[in-house]
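As a plain string of letters, each chain reads:
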Amino acid sequence: MTLTYINDELHLNGHSLRGLTEQYGTPLFVYDEDALRNQCRRYHSVFEGESLDYSISYASKAFTSIQMVKLLEEEDMKLDVVSAGELYTALEAGFPASHIHFHGNNKTTEEIEYALEMGIGLFVVDAMDEVALLDRLADQPVDVLLRINPGIDVNTHSYIQTGQEDSKFGLSIQNGTAQEAIDRIHSSNQLNFKGVHYHLGSQISEEGPFLKALEVVFEWLSSTSIDVEILNMGGGYGVRYTEEDVRFPIEEGFSRIIGKLKSLADEYDIAFPHIMIEPGRSIAAEAGITVYEVGVVKDIPGVSRYVSIDGGMSDHIRTPLYDAKYEVLTVDAGEGKNIDSHVVGKLCESGDVIGKNLSLPENIRRGDLIAVGTTGAYHYSMASNYNQMRKPAVVFVTEDNVREVIRRQSLKQLVENDVI
Ligand code: LLP
């Protein structure tokens, strides 16, 4: 993403952000469409370079919409969905059901029936009970992976750690439940066991945990004589929110992961499986920003200054929820000095904060615009209507094109399900 000041005004790929907000309103999510595509291509090229049988599935939960799904199909991506809603969005976009796999620690009967009816490619079974339920509901053969828990702790926020032993996700390889589930899948009527999946956590910045997981999983596969056609290593590849963050090094990291895979397959004499990964954040996060308009600026002399924007935790929950840090840019390059400011939302909670002690122009005032970086993943998708706030519009921008991909919610839509 190229953000540059032209005539003291912030532009994304040559488009004035102020101009975009005049057309689409604020708050506004703006994505660099080429950046989205480039990330997909980077993942493809590492695997293509290794001549592997592989697929890259995008984790819809990071950000999905009909146009996003269309873009993903154009980029030869597959899709991971975790709910009837994500599946519906994908199918509405015309995405092939056979390229979709269904995750979730508690898929409902209704969701399983819907996914079966639509003929999705793979179910990732997450619990013993789900083996029986899926087998009972399926009236023809279904391919399944088992989500295993390799028992690996990763260094990330505890809310987004998933591969440790004490987790609601997957079945443990240590305590034998993973193997038991695979035995049950083998003895079921309709389920074809295709392989295993694990997801260690999110926002992981180095390959160490992935290498460790491979060692643990290969040793387990070999000791249990479980044959896998597919090995799905999940997502979790970290991005840069602020200069403190280290991005997961996609090319170097995967070159080492693939090297490890090859050596382990040799060592344990295991046929090389089809490799799947499921990046979400690292495809979308850095391709998106949110633009807000400044309203009230409140100085509490000797204490602090609050700069309020016209959105907040309804479109930016990651700071209240995970204490996540962001970089904030002014859209109009102000003159004069900067002072420490708390950027806060307009929702009725003190925790509705975008960032504390950020450096913003002393003369910032109502009507100015600010842009919050790296909001392309887990922002729109985690947006809510709290305080009856409307979900913002989303636009995709290339050098020579701007297109609205999600319209701003209307007031009417806020009550459309209300019984009058
Ligand atoms: N696969 C599975 C099974 C997952 O559970 C997830 C994320 C992914 C793939 C994609 O992970 P990614 O590449 O995006 O890290 N709301 C949190 C993130 C929750 C992630 C949950 N699972 C956040 O805003 O940080």
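Residues numbered from 1 in each chain as written. Predicted model: local features only at pLDDT ≥ 70, side-chain atom pairs only at ≥ 80, totals over all residues. Heavy atoms only, no water.

Naming follows an unreviewed UniProt entry, where the chain appears as Diaminopimelate decarboxylase of Salinicoccus bachuensis. The UniProt entry for the chain carries the following text under Cofactor (unreviewed entry): "pyridoxal 5'-phosphate". Under Sequence similarities (unreviewed entry), UniProt gives the following word-for-word description of the chain: "Belongs to the Orn/Lys/Arg decarboxylase class-II family. LysA subfamily." (UniProt positions renumbered as here; feature names shortened; annotations may be inferred.)

(A) Fine view of the nonpolar core. Phe 47, Tyr 58, Phe 123, Leu 146, Leu 231, Met 233 and Phe 254 are the most contacted members of the largest nonpolar core, which has 110 residues in total. Top element by residues in this core is helix H8 (residues 208-224). It accounts for nine residues. Looking at this core, you find at least three residues from each of domain 1 (3-31 + 286-414) and domain 2 (33-281). Core analysis: the next-biggest nonpolar cluster, separate from the first, contains 15 residues, Leu 28, Val 30, Val 291 and Val 397 among them. (Core = buried A, V, L, I, M, F, W, Y, C linked by side-chain atoms within 4.5 Å. Buried < 20%, exposed > 50% of the residue type's maximum accessible area, 1.4 Å probe, protein only. Helix = DSSP H or I, 4+ residues; strand = E, 2+ residues; numbered from the N terminus. Domains from an automatic or database assignment.)

(B) Focus on the site of the ligand. Near the ligand, the surroundings consist of 19 residues, among which Ser 202, Glu 278, Arg 281, Arg 318 and Tyr 378 are the closest. With respect to the ligand, the backbone of Gly 236 contributes an N or O atom lying 2.8 Å from an oxygen atom. At 2.6 Å, a side-chain N or O of Glu 278 approaches a nitrogen atom of the ligand. Compared with its free state, where it exposes 580 Å², the ligand has 91% of that area covered by protein. For the shell around the ligand, the two domains that each supply at least three residues are domain 1 (3-31 + 286-414) and domain 2 (33-281). (Near = heavy atom within 4 Å. Polar contact = N/O pair within 3.5 Å; in protein donor to acceptor, adjacent residues only side chain to side chain. Areas by Shrake-Rupley, 256 points an atom, 1.4 Å probe, with all protein chains shown as cover.)

(C) Main features of the environment of Pro 209. Within the fold, Pro 209 resides in helix H8. Residues Pro 209 and Asp 266 lie 57 residues apart in sequence; the distance between their C-alpha atoms is 21 Å.

(D) A look at helix H6 (residues 128-137). For H6, a buried count of seven out of ten residues is recorded, marking the element as mostly surrounded by other parts of the structure. Every buried residue of H6 is listed here: Met 128, Glu 130, Val 131, Leu 133, Leu 134, Asp 135 and Leu 137. The inward-facing, buried residues of H6 contact helix H5 (109-118), strand E8 (122-125), strand E9 (142-149), strand E10 (171-172), helix H7 (177-187) and strand E11 (191-197). (Contact = heavy atoms within 4.5 Å.)

(E) The packing of aromatic side chains, seen in detail. Enumeration according to the criterion identifies 16 aromatic pairs in this entry. With 5.1 Å between their ring centres and 20° between their planes, Phe 47 and Tyr 54 make a pair best called stacked. Overall, the relative accessible area of 0% leaves Phe 47 in the buried class. Taking the relative accessible area as the measure of exposure, Tyr 54 reaches 16% and is therefore buried. (Phe/Tyr/Trp six-rings, centres within 6.5 Å; stacked < 30°, edge-to-face > 60°.)

(F) Region of the structure containing the UniProt feature "binding site: substrate" (unreviewed entry) in the chain. The sites that carry the UniProt feature "binding site: substrate" (unreviewed entry) are, in the present numbering, Arg 281, Arg 318, Tyr 322, Glu 349 and Tyr 378. With the annotated positions falling across 98 residues, the maximum pairwise C-alpha distance of 27.0 Å shows that they are not confined to a single cluster. Of note, Tyr 322 is situated in helix H11 (residues 318-322). Secondary-structure assignment places Glu 349 in the loop between strand E17 (338-344) and strand E18 (353-361). Overall, the relative accessible area of 39% leaves Glu 349 in the partly exposed class. In this view, Glu 349 contacts Met 313 and Tyr 386; residues no more than four positions away in its chain are not counted.

(G) Main features of helix H1 (residues 17-24). All of the buried residues along H1 are Leu 17, Leu 20, Thr 21 and Tyr 24. Each buried residue of H1 sits inside an arc of 95° when the element is viewed along its axis, so together they form one side. Along H1, the residues that are exposed and aim more than 90 degrees away from the buried face are Glu 22 and Gln 23. One side-chain oxygen of the residue at the start of H1 lies 3.3 Å from the amide nitrogen of Arg 18, identifying that residue as Ser 16. Just downstream of H1 lies Gly 25, where phi reads positive at about 85°. (Arc of directions from axis to C-beta.)

(H) Just the pattern of salt bridges, in detail. What the rule picks out here adds up to 17 salt bridges. Across the pair Glu 75 and Arg 41 runs a salt bridge whose closest N-O atoms are separated by 2.7 Å. Here Arg 41 lies in helix H2 (residues 33-49) and Glu 75 lies in the loop between helix H3 (66-74) and strand E6 (78-81), a separation of 34 residues in the sequence. We classify Glu 75 as buried; its relative accessible area is 7%. Here Glu 251 ties to Arg 42 by a salt bridge, and the two come within 2.8 Å at their closest N and O atoms. Highlighted residues: Glu 251 in helix H9 (residues 250-268) and Arg 42 in helix H2, separated in sequence by 209 residues. Residue classification places Glu 251 among the partly exposed positions, given a relative accessible area of 30%. With a relative accessible area of 29%, Arg 42 lands in the partly exposed category. Within this structure, Glu 33, Arg 37, Arg 41, Glu 74, Glu 75 and Arg 403 form a network of salt bridges that share partners. (Salt bridge = Lys/Arg side-chain N within 4 Å of Asp/Glu carboxyl O.)

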